[in-house]
Every structure is written in C-alpha cells, then in structure tokens.
Amino acid sequence: MNAEDLLQQLWTVESIKRMRARVARFLDTKRWDEFGDCFTDDATLEAPEADLRWKGRARIVQGISAGMDGVRTVHHLHAPEIEITGPDTATGVWAMSDVLERVSPRGSTITNGYGHYLERYERQEGQWRIRSLRLERLRIDS
C-alpha cells in the first residue's frame, strides 16, 4: 500500500470514529435530529437481550428517544476495531460501557452495562453513517 492509500485509509477510519463519537454524544444530550442523521434511512438496530429489532432511521430515533425519556445516560466507546470493506463501506466493533439513571418519585435506579457494538457503516453523500448496529451486552449491573 502506498503512502497516499494509507493516508486515505487512516482518514476513513478517523472519520468513522468521529461519527461514532457524535452518536454517543447526541444520544446522551438527547439531540435526536442529529442522532438520527448518523444513520442511513434503512438502518437496523438490534439489542437481543431486550428482544429488540428496529428498521429505519425514523423508527430507531422514535424508539431510542422514547426509551430514554426521563433517563440520564452516559455512553463510553473504547478500543475500536474498524475494517474498511469497500470504497464506501466498513465494519466496526466497539467495546462499550453505559450508565442509565432512571429517576422516579421513589428514587433513582442506576444500571451499568458492558459489552460490544457490532456495526456496519456506509458513506452517503460524503458522510459516514451507521447501516446496522447490534448491541451485545456481556454484563449488566443494577
């Protein structure tokens, strides 16, 4: 691989990492329009432990925003494994941890989750977006 190709590959990986960081930040700050813009129109989101499978950007945003209503969240992503699979496609695996705090009149409950995001990405109109996201939790502490 020549230096120009290597530089392009590194920039592609960095662009995907930046997009993925925005997804976590937009979710935690409940910026739903910007969150949704990080997904393709026909994206899928899966969370097997919750028996959840949604298809389409609008459904994903609606489902996540409803599920996070009244919940304070902090999402951390670690150790990305990104593979470029084509000129406009890539895959990624991210170690993750999150904290979900649900507040009610009876007090608050905090859930800590740990696991991995398994993702596919597609570049559309010059922007990297998530085509599929699967959350596989390894541990949940409540």
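The notes below deal with the structure included here. (Residues numbered from 1 in each chain as written. Predicted model: local features only at pLDDT ≥ 70, side-chain atom pairs only at ≥ 80, totals over all residues. Heavy atoms only, no water.)

**Side note on the pairing of strand E3 (residues 71-86)**
Here is step 1 of the chain: In terms of strand pairing, E3 meets strand E4 (residues 89-104) through 13 bridges, oriented antiparallel. From the neighbouring strand, Arg-72 faces E4, where its bridge partner is Glu-101.
Here is step 2 of the chain: Connecting E3 to the next strand, E4, in antiparallel fashion are two residues. (Pairing = 2+ DSSP bridges. Helix = DSSP H or I, 4+ residues; strand = E, 2+ residues; numbered from the N terminus.)

**Structural notes on the sheet that holds strand E5 (residues 107-124)**
Here is step 1 of the chain: Across the sheet, which stays open at both edges, the six strands sit in the order E2-E1-E6-E5-E4-E3 with mixed pairing between neighbours. At either end of the open sheet lies a strand with only one pairing partner, and these are strand E2 (52-55) and E3. In this sheet, adjacent strand axes meet at a mean angle of 15° when their direction is disregarded.
Here is step 2 of the chain: Sheet topology note: the E4/E5 ladder contains 16 bridges and is antiparallel. Looking at E5, one finds that Leu-100 is bridged to Thr-111.
Here is step 3 of the chain: Running at roughly 160° to E3, helix H1 (residues 3-28) makes contact with strand E1 (39-47), E3, E4, E5 and strand E6 (127-141) of the sheet.
Here is step 4 of the chain: Its contacts with the sheet place helix H3 (residues 57-67) against E1, E2, E3 and E6, and it is angled at close to 45° to E1. (Axes fitted to C-alpha atoms, helices over the stretch in contact; angles between N-to-C directions. Contact = heavy atoms within 4.5 Å.)

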